[in-house]
Every structure is written in structure tokens, then in C-alpha cells.
Amino acid sequence: KLTILEFPDARLRTEAKPVTNVDDEIRTIIDDMLETMYEAPGIGLAATQVNIHQQIVVIDISEDKNEPLVFINPKVTVLNGDPETMQEGCLSVPGFYEDVTRIAHVKIEAVDRQGKAFEMEATGLLAVCIQHELDHLNGKLFVDYLSPLKRNRIKSKLEKEHKRQAKRA
Ligand SMILES: O=C(O)C[C@@H](Cc1ccccc1)[C@H](O)SCc1ccccc1
Ligand SMILES: [Zn+2]
């Protein structure tokens, strides 16, 4: 449905703006993002990744892919500073998986698809995913936590791949 931008596309570095009015246009974007995420497949997607620079995140970590979570204008606060390291992937950095350390237990405050404010606590995969998605809204990618050497290796490999695909197109 929507095209996912791939590193090192500069548009991935855009700061997303807050959503001012949760209307049908926003709800259509949310539905398109969920469809794109399930099709990828992925367990999270930020609007930045589909070149929409508004603060919208969708997540579904359920087994049956039937428990979509929507976070509009999300804010994360630390509940427990313990670090947690997990191997992360990213739909915008296809084929690469590296360890990233994040906060283990967070509180999320956001607005839902009806425009209603809510908050929830998260640990484990959900905590990791929401921090990963919030980074996207701030123009940050998980490769930014790696050494410059590793990041540049990934950058050149993906640039080569994009050139190859452009030629075949
Ligand atoms: O934002 C994205 O690119 C989707 C990410 C979300 C995510 C990243 C790291 C850790 C958890 C979630 C993933 O690529 S979705 C694919 C995936 C699925 C299960 C576990 C890790 C990654
Ligand atoms: Zn990602």
C-alpha cells in the first residue's frame, strides 16, 4: 500500500510534526500504515518510514496479528532505568540485525485513533518497539547506535543494492 523509505534516504531524518486534528484523513493514514506493516511483515511502523511526517506510530506484537496499537503524538517517560539489550531490525534497514540497548520499562502517553488521550506502561518487546518507533519520529534510526564503521558498511551495502535495483527497473 505505502512505500517504505530505506536508509540512507535523507527523508528518514525528518522530524515529525504533532497531529493537530485526529480526523478521517488521519484514520485513513493509520489504516494504510497497519496494512503496510502487516504486509512487510513487521511489528511496528512509524509514519516517517512511509514519508508522512506526522507523529503517528502503529504496533502489533500479538501472535495472531489482530491487536493493533495506535499511538498519536506519543510521549515516553522512563519508569525504570534498567538497560535492556535486544537484537533489532528495521523495515527501513532491510536485512540487517544488530544489538541495541534501550530502557526496559517505560510509560507511554498518547492519543488514540478516536482522538482520546490514554497512557500505558510497557516492558519487553513492546517497550523496545515503542522506543524504536519514537526514534523514527525524531529522524533517528537504530544504525545510529552502532559504530561509524558498522553504520557505513550497512550504508554502502544498501546504496549498492538500491543502485542495482534502479538499473534493473
Ligand atoms: O520500525 C520498524 O522498522 C519495524 C521494526 C520494529 C521493531 C524493531 C526492533 C525491535 C522490535 C520491533 C521491525 O523491523 S518489525 C520486524 C521485527 C519483528 C520482530 C522482532 C524484531 C523485528
Ligand atoms: Zn524501524
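For the structure itself, consult the block above.
So, here is what we can say about the structure in this document.

Definitions and limits used
- Residues numbered from 1 in each chain as written.
- Chains lettered and ligands numbered in written order.
- Predicted model: local features only at pLDDT ≥ 70, side-chain atom pairs only at ≥ 80, totals over all residues.
- Heavy atoms only, no water.
- Pairing = 2+ DSSP bridges.
- Helix = DSSP H or I, 4+ residues; strand = E, 2+ residues; numbered from the N terminus.
- Axes fitted to C-alpha atoms, helices over the stretch in contact; angles between N-to-C directions.
- Contact = heavy atoms within 4.5 Å.
- Expected span 1.5 Å × (residues − 1).
- Polar contact = N/O pair within 3.5 Å; in protein donor to acceptor, adjacent residues only side chain to side chain.

Strand order in the open sheet made by the five strands is E1-E2-E3-E4-E5, with antiparallel pairing throughout. A strand with exactly one partner marks an edge of an open sheet, and here the two such strands are strand E1 (44-46) and strand E5 (117-123). Averaged over all neighbouring strand pairs, the angle between strand axes comes to 30°, with direction disregarded. Summarising the sheet, strand E2 (residues 56-59) and strand E3 (residues 69-88) pair through four bridges and their orientation is antiparallel. Bridging from a neighbouring strand, Val57 pairs with Phe71 of E3. Helix-sheet contacts for helix H1 (residues 24-39) involve E1, E2 and E3, and the interaxial angle to E2 is about 40°.

Once that is clear, we can look at H1. Side chains that are three or four residues apart share a direction in an α-helix, a result of its 3.6 residues per turn. Taking 1.5 Å of rise per residue, the 16 residues of H1 would be expected to cover 22 Å, and the 22 Å separating its terminal C-alpha atoms lies within 8% of that figure. Of the surrounding elements, those touching the buried residues of H1 are E1, E2 and E3. Capping the start of H1 is the job of one residue whose side-chain oxygen sits 3.1 Å from the backbone nitrogen of Glu25: Asp23.

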